[in-house]
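In case you want the letters, here they are:
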Amino acid sequence: LDVDDDLTLTAGTLDVSASNYGITVGGDWTDSGAGAFTERAGTVTFDGTGTLNSNEAFNDVTINTSGTITLGAALDVDDDLTLTAGTLDVSATNYAITLAGTWSNSATFTQRSGTVTLDGTSQTITGSANTTFYNLAKSVTSAATLTFNNLRTTTISNNTTATAPLPRSPSR
């Protein structure tokens with residue numbers, strides 16, 4: 001599905017189907033909450049300028065634009081977030097991003113005072129651009145790995161938080 005302008009979900013279900021079709025949006029993504037988005041393993045690509053305002057999770061998100069995609073709500077990505085061109089801006093409201101897969105930044109990320117929470121296992125921060133996070137959190141329920149690209153600089157300008165369960169002591 002290739003939408004050259006805005007995509008608005010007001011009722012019903014948008015399902016990428018078992019074939020995991022991709023969706024490309026050239027403007028705003030607006031999900032009022034009355035409709036439903038079934039992301040399955042599909043990728044949503046933003047290739048224009050607009051606001052991403054969704055109350056549901058995405059599987060993969062790609063920002064590939066000459067403009068700016070601004071968050072209008074918190075962004076939840078169940079797999080990978082890829083910035084190939086353009087800008088992803090958390091907005092003056094500082095909407096949070098939660099990511100379970102790889103963060104790949106080869107473009108511009110405007111972090112403002114937002115928080116990025118990594119909640120998956122074996123995650124990587126990579127890409128050809130340096131990345132600055134305001135707050136970066138790693139939150140998991142079991143052992144996990146976070147790998148940084150050693151060829152790029154990753155800066156955390158405010159707080160870093162790592163949350164994991166404490167190891168159990170052996171039974172006696």
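Everything here concerns the structure above.
A short tour of the structure in this document, coming up. Owing to the predicted nature of the structure, the values given are computational and were not obtained by experimental measurement.

This brings us to the overall build of the chain. Tallying secondary structure elements over the chain gives zero helices and 19 strands in all. In terms of overall size, the chain behaves like a compact globule, its C-alpha atoms giving a radius of gyration of 17 Å where 172 residues would be expected to give roughly 16 Å. Each principal axis of the C-alpha atoms in the chain carries an extent, and together these give about 60 × 35 × 30 Å. Expressed as a percentage of its 172 residues, the buried residues of the chain come to 41%. For the chain, restricting intrachain contacts to residue pairs at least 6 apart in sequence, the fraction spanning at least 24 positions comes to 15%. For the chain, the exposed area adds up to about 8500 Å²; of that, 45% sits on carbon and sulfur atoms.

Further remarks concern the packing of aromatic side chains. Following the criterion strictly, the structure yields seven aromatic pairs and no others. Between Trp103 and Phe109, the ring centres sit 4.8 Å apart and the planes meet at 80°, which makes this aromatic pair edge-to-face. Aromatic rings pair up to connect Trp29, Phe37, Phe46 and Phe58 into one cluster.

Our next topic: the side chain of Ser91. Relative to the elements of secondary structure, Ser91 occurs in the loop between β11 (81-89) and β12 (97-99). Ser91 sits in the buried class, given a relative accessible area of 7%. Once you skip the residues sitting within four places of it in the chain, Ser91 turns out to touch Thr70, Leu71 and Arg112.

Attention now moves to empty space enclosed by the protein. Counting across every chain of the model gives one cavity of 30 Å³ or more. In this structure, the largest cavity encloses a volume near 50 Å³. Along its surface, the largest cavity is lined by Ile125, Thr126, Gly127, Ala129, Asn130, Thr131, Asn149, Arg152, Thr153 and Thr154.

Let us look at the nonpolar core. The tendency in soluble globular proteins is for nonpolar side chains to be buried as a group. Residues Trp29 and Ile97 are the most contacted members of the largest nonpolar core, which totals 33 residues. Here this core gets four residues from one element, more than from any other, and that element is strand β9 (residues 60-71). If sequence neighbours within four positions are ignored, Ile97 has contacts with Leu71, Leu75, Leu81, Leu88, Val90, Trp103, Phe109, Thr115, Val116 and Thr117.

Reading guide: rules and limits
Residues numbered from 1 in each chain as written. Predicted model: local features only at pLDDT ≥ 70, side-chain atom pairs only at ≥ 80, totals over all residues. Heavy atoms only, no water. Helix = DSSP H or I, 4+ residues; strand = E, 2+ residues; numbered from the N terminus. Rg over C-alpha atoms; globule rule 2.2 N^0.38 Å. Buried < 20%, exposed > 50% of the residue type's maximum accessible area, 1.4 Å probe, protein only. Contact = heavy atoms within 4.5 Å. Areas by Shrake-Rupley, 256 points an atom, 1.4 Å probe, with all protein chains shown as cover. Phe/Tyr/Trp six-rings, centres within 6.5 Å; stacked < 30°, edge-to-face > 60°. 1 Å grid on protein atoms, 1.4 Å probe; cavity = no way out; pocket = protein on both sides within 12 Å on 5 of 7 lines; lining within 4 Å. Points joined across faces, edges and corners; volume = space filled by probe spheres on them. Core = buried A, V, L, I, M, F, W, Y, C linked by side-chain atoms within 4.5 Å.

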